[in-house]
Amino acid sequence: MSARRPYVRPMTGWWRKNPFFIEYMVHEGTAFFVAAYALILLASVVVLGQGEAAWNRWLEFLMSPLCIIAHVVILLAFLYHSWTWFNIMPRTLPPILINGTRVKAATITYGGLAAAVIASLIVFAIVARLAP
Amino acid sequence: MNTSERMITMEVLRYRPEQDETPFFQQFLVPFTDDMSVLQGLQYIKDELEGSLSFRWSCRMAICGSCGMMINGVPKLACHTFLRDTYPNTLRVEALAHFPIERDLVIVMDDFMAKLESIRPYIIADTPRALSEGEYLQTPAQLDLYEQFSSCINCLLCYAACPQYGLNSKFIGPGAMALVHRYNLDSRDSGSAQRMPLVHAEEGVFNCTAVGYCSQVCPKKVDPANAVNINKTESAKDYFLRFVTPKGAGK
Ligand code: SF4
Ligand code: FES
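Chains are numbered independently. Their residues run from 1 in the order of the written sequence. The lettering of chains begins at A and the numbering of ligands begins at 1, in the order of writing. Reporting in this predicted model follows two pLDDT cut-offs: at least 70 for local features of residues, and 80 or more for side-chain atom pairs to be given and counted; totals over whole chains, interfaces and linings ignore these cut-offs and use all residues. Hydrogens and water are ignored here; the side-chain numbers use all heavy atoms of the structure.

### Here's the deal with the overall build of chain A
Here a helix means four or more residues in a row that DSSP labels H or I, a strand means two or more in a row labelled E, and each is numbered from the N terminus. On a plain count of helices and strands, chain A comes out with 4 helices and 2 strands. Along its sequence from the N terminus, chain A presents helices and strands in the succession α-α-α-β-β-α. In this setup the radius of gyration rests on C-alpha atoms only. A globule is expected at 2.2 Å times the number of residues raised to 0.38. Its C-alpha atoms give chain A a radius of gyration of 22 Å, more than 25% over the compact-globule value 14 Å for 132 residues. For chain A, the C-alpha atoms occupy an extent of roughly 80 × 50 × 25 Å along the three principal directions. The buried label goes to any residue with under 20% of its type's maximum accessible area, the exposed label to any with over 50%, and the partly exposed label to all in between, with areas taken from a 1.4 Å probe on protein chains only. Residues classed as buried in chain A amount to 18% of the 132 residues present. Working definition of accessibility: Shrake-Rupley area with a 1.4 Å probe, residue cover restricted to the visible protein chains. Taken as a whole, chain A presents about 9,800 Å² of accessible surface, with 75% of it coming from carbon and sulfur. Across chain A, the mean location of the 10 positive side-chain charges is 26 Å away from that of the 4 negative side-chain charges. In this count, Lys and Arg are taken as positive residues and Asp and Glu as negative ones, while His and the chain termini are left out. Think of each charge as sitting on NZ of Lys, CZ of Arg, CG of Asp or CD of Glu.

### Side note on the domain arrangement of chain B
Residues and elements named next belong to chain B. Each domain of chain B was delimited in the assignment, giving domain 1 (6–107) and domain 2 (110–244). For domain 1 and domain 2, the distance between their C-alpha centroids amounts to 30 Å. In what follows, a contact means two residues having at least one pair of non-hydrogen atoms within 4.5 Å. Each partner contributes residues to the interface: domain 1 has 16 residues there, and domain 2 has 16 residues. Together, the buried faces of domain 1 and domain 2 total about 1,100 Å²; carbon and sulfur atoms form 71% of this surface. The domain boundaries here were taken from an automatic or database domain assignment. The quantity reported as buried area is the accessible area (1.4 Å probe) lost by two parts once they are put together, taken as the sum for both.

### Looking at the packing of aromatic side chains
Centre distance within 6.5 Å is the pairing criterion for rings of Phe, Tyr and Trp, where only the six-membered ring of Trp is used; planes under 30 degrees apart are then read as stacked, over 60 as edge-to-face, and the remainder as tilted. Per the stated rule, a full pass over the model turns up 14 aromatic pairs over all chains. Taking 5.4 Å as the distance between ring centres and 80° as the angle between the ring planes, the aromatic pair formed by Phe32 of chain A and Phe33 of chain A counts as edge-to-face. Exposure remark for Phe33 of chain A: the relative accessible area of 26% places this residue in the partly exposed category. Ring geometry for Trp58 of chain A against Phe61 of chain A: centres 5.4 Å apart, planes inclined by 35°, an arrangement best described as tilted. Of this pair, Trp58 of chain A and Phe61 of chain A are both found in helix H2 (residues 52–62), 3 residues apart, which corresponds to roughly one turn of the helix. Joined through ring pairs, the aromatic side chains of Trp14, Phe20 and Phe21 of chain A together with Tyr213 of chain B make up one cluster. Only Lys NZ and Arg CZ are tested; either one counts as a charge over a ring when it is within 6 Å of the ring centre and within 35 degrees of the ring normal. Taking the ring centre of Phe82 of chain B as reference, the NZ or CZ of Arg84 of chain B above it sits at 4.1 Å. Its guanidinium or amino end placed over the ring of Tyr183 of chain B, Arg182 of chain B lies 4.0 Å from that ring's centre, counting from NZ or CZ.

### Observations regarding the interface of chain B and chain A
Often, the extent of an interface is quoted as the loss of accessible area upon association of its parts. Contacts between chain B and chain A engage 37 residues on the former and 21 residues on the latter. In terms of surface lost to chain A, no three residues of chain B exceed Glu102, Val211 and Tyr213 of chain B, which account for 17% of the buried area on that side. Any carboxyl oxygen of Asp or Glu that lies within 4 Å of a side-chain nitrogen of Lys or Arg is treated as forming a salt bridge with it. Counting the contacts that link chain B with chain A gives 4 salt bridges. Notably, a salt bridge pairs Glu21 of chain B with Arg5 of chain A, separated by 3.8 Å at the nearest N-O pair. For the purposes of these results, a polar contact is taken to be a pair of N or O atoms within 3.5 Å, where, inside protein, one atom must be able to donate a hydrogen and its partner to accept one; residues adjacent in sequence count only when each atom of the pair is a side-chain atom. Inspection of the chain B/chain A interface yields 15 residue pairs in polar contact (both at pLDDT 80 or more). Of all the secondary structure elements, the ones that give two or more residues to the side of chain B that touches chain A are strand E6 (101–103), helix H3 (140–147), helix H5 (163–167), helix H8 (213–217) and helix H9 (224–244) of chain B.

### Quick notes on the site of ligand 1
One heavy atom within 4 Å of a molecule or strand is enough for the residue carrying it to be called near that molecule or strand. Taken together, the neighbourhood of ligand 1 is formed by Cys152, Ile153, Asn154, Cys155, Leu156, Leu157, Cys158, Cys218, Pro219, Val222 and Pro224 of chain B. For this classification, Asp, Glu, Lys and Arg are treated as charged, while Ala, Val, Leu, Ile, Met, Phe, Trp, Tyr, Cys and Pro are nonpolar and the rest, including Gly, are polar. Taken together, the residues that form the shell around ligand 1 break down as 10 nonpolar, 1 polar and no charged.

### So, the confidence of the model for chain A
The predicted model of chain A has a mean per-residue pLDDT of 93, with 99% of residues at 70 or higher. What pLDDT conveys is the predictor's confidence in a given residue, as a value from 0 to 100. No element of chain A has a lower mean pLDDT than strand E2 (residues 101–102) of chain A, which averages 86, and none a higher one than helix H1 (residues 19–48) of chain A, which averages 95.

### Here we look at the nonpolar core
Residue and element names in this part refer to chain B. With 67 residues, the main nonpolar core has Met10 and Leu42 as its most contacted residues. With 5 residues, helix H6 (residues 174–184) is the single largest residue contributor to this core. Two domains share this core, each providing at least three of its residues, namely domain 1 (6–107) and domain 2 (110–244). If we ignore the near neighbours within four places in the chain, the residues touching Leu42 are Met10, Val12, Leu53, Phe55, Met69 and Leu105. In terms of nonpolar packing, the next biggest core, distinct from the first, is built from 5 residues, Ala178, Cys218, Val222 and Ala227 among them. Here, the term nonpolar core denotes a set of buried Ala, Val, Leu, Ile, Met, Phe, Trp, Tyr and Cys residues that are joined through side-chain atoms within 4.5 Å.

### Describing the environment of Asn231 of chain B
Residue and element names in this part refer to chain B. With respect to the secondary-structure elements, Asn231 resides in helix H9. Considering only alpha carbons, one finds Asn231 and Val180, 51 residues apart in sequence, at a separation of 9.4 Å. A polar atom in the side chain of Asn231 sits 2.8 Å from the backbone oxygen of Ala227.

### Notes on the environment of Ile230 of chain B
With respect to the helices, strands and loops of the structure, Ile230 of chain B is situated in helix H9. Overall, the relative accessible area of 6% leaves Ile230 of chain B in the buried class. With 25 residues separating them along the chain, Ile230 of chain B and Val205 of chain B place their C-alpha atoms 9.3 Å apart. Residues in contact with Ile230 of chain B, not counting those within four places in the same chain, are Thr92, Leu93, Pro94 and Pro95 of chain A together with His181 of chain B.

### Looking at the pattern of salt bridges
All names here are of chain B. Counting across every chain of the model gives 15 salt bridges over all chains. For Asp104, the salt bridge identified is with Arg14, shortest N-O distance 3.0 Å. Of this pair, Asp104 sits in the loop between E6 and strand E7 (106–107) while Arg14 sits in strand E1 (residues 6–14), and the two are 90 residues apart along the sequence. For the pair shown, Asp104 and Arg14 are each scored as buried. Residue Lys237 pairs with Glu234 through a salt bridge whose shortest N-O separation is 3.3 Å. With Lys237 and Glu234 both in helix H9, this residue pair falls 3 residues apart, about one helical turn.

Here is the structure:
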């Protein structure tokens with residue numbers, strides 16, 4: 001009989017054992033807020049289809065203090081989500097060659113962030129122009 | 001550099017299957033100088049304090065990949081980590097995470113060996129080449145495509161860094177995928193059709209949730225997470241392209 005008795009260590013609480021994993025769980029958790037905001041947008045579209053009265057009531061609800069606090073929290077989660085998303089992006093892409101040299105990981109990350117900032121500014125400008 | 005001897009406490013996870021029900025920590029007081037690695041600390045313990053302590057090593061220069069272990073909870077090569085960086089704190093050494101412990105710091109790596117074999121980590125030529133035809137030629141640009149992935153030393157640090165592998169050891173894992181990618185990218189190789197089923201499989205690349213810690217701990221800058229994630233795209237492409245290409249045309 002073999003004297004081997006390999007010991008398998010349990011995985012319970014694995015994500016608490018390393019700061020890297022804690023951060024991973026936090027940034028994955030921010031996806032919940034992204035989904036929550038998508039639902040708010042979707043709800044807005046549905047309410048818009050229900051006519052002016054419904055829309056005005058919805059606007060009033062959106063401007064309630066609780067809702068504004070929720071939006072601030074979602075915004076912060078969004079910012080962190082974007083940062084971690086672009087941070088991991090270089091690891092998910094095949095090498096990008098420009099004039100025969102590889103684009104650096106940091107360039108991809110900051111390029112992505114810059115694109116996100118510009119897109120946000122454009123959306124913001126459009127909204128500001130449309131606002132009554 | 002400080003050449004005087006100081007004393008560091010090393011706390012080592014022990015497991016002797018013939019007498020221990022579960023692993024336990026044992027402390028040793030080890031004299032060290034600034035140029036001593038964790039591996040040398042373990043060698044001191046084995047030579048002077050506790051001869052039964054088991055661990056793997058060979059090259060003691062970060063090239064053979066034998067001495068991977070958890071050092072203060074982080075997967076590292078013991079020969080590539082200095083005792084001075086932890087001093088005056090206690091340095092904790094454990095067997096590489098996510099693998100069964102055979103004895104003390106020695107892990108059971110049969111699972112990885114089987115995976116390594118399954119991915120055919122060698123050049124598979126379309127038509128066998130006669131010796132008289134001479135060597136294969138490759139341009140620097142062709143070499144550059146896969147060179148980074150060919151630096152892998154099979155140290156398994158990336159597996160110890162991968163919670164998905166820890167939760168489900170059927171997952172092919174970062175190191176093996178880096179090698180799949182290394183051979184698939186090689187201009188001399190035509191074996192990717194044989195390797196891709198492992199990439200597509202349920203236990204293939206889509207087990208990865210892009211934690212990314214594997215690439216951070218890799219001592220050879222292989223970036224296995226990159227290999228895994230590029231192959232998610234490759235796998236998806238293969239899946240959709242089969243609807244538009246005539247049977248067998250893509251291979
Ligand atoms: S990819 Fe890096 S960490 Fe993983 S086995 Fe190879 S050398 Fe080690
Ligand atoms: S002893 Fe060879 S890598 Fe550490």
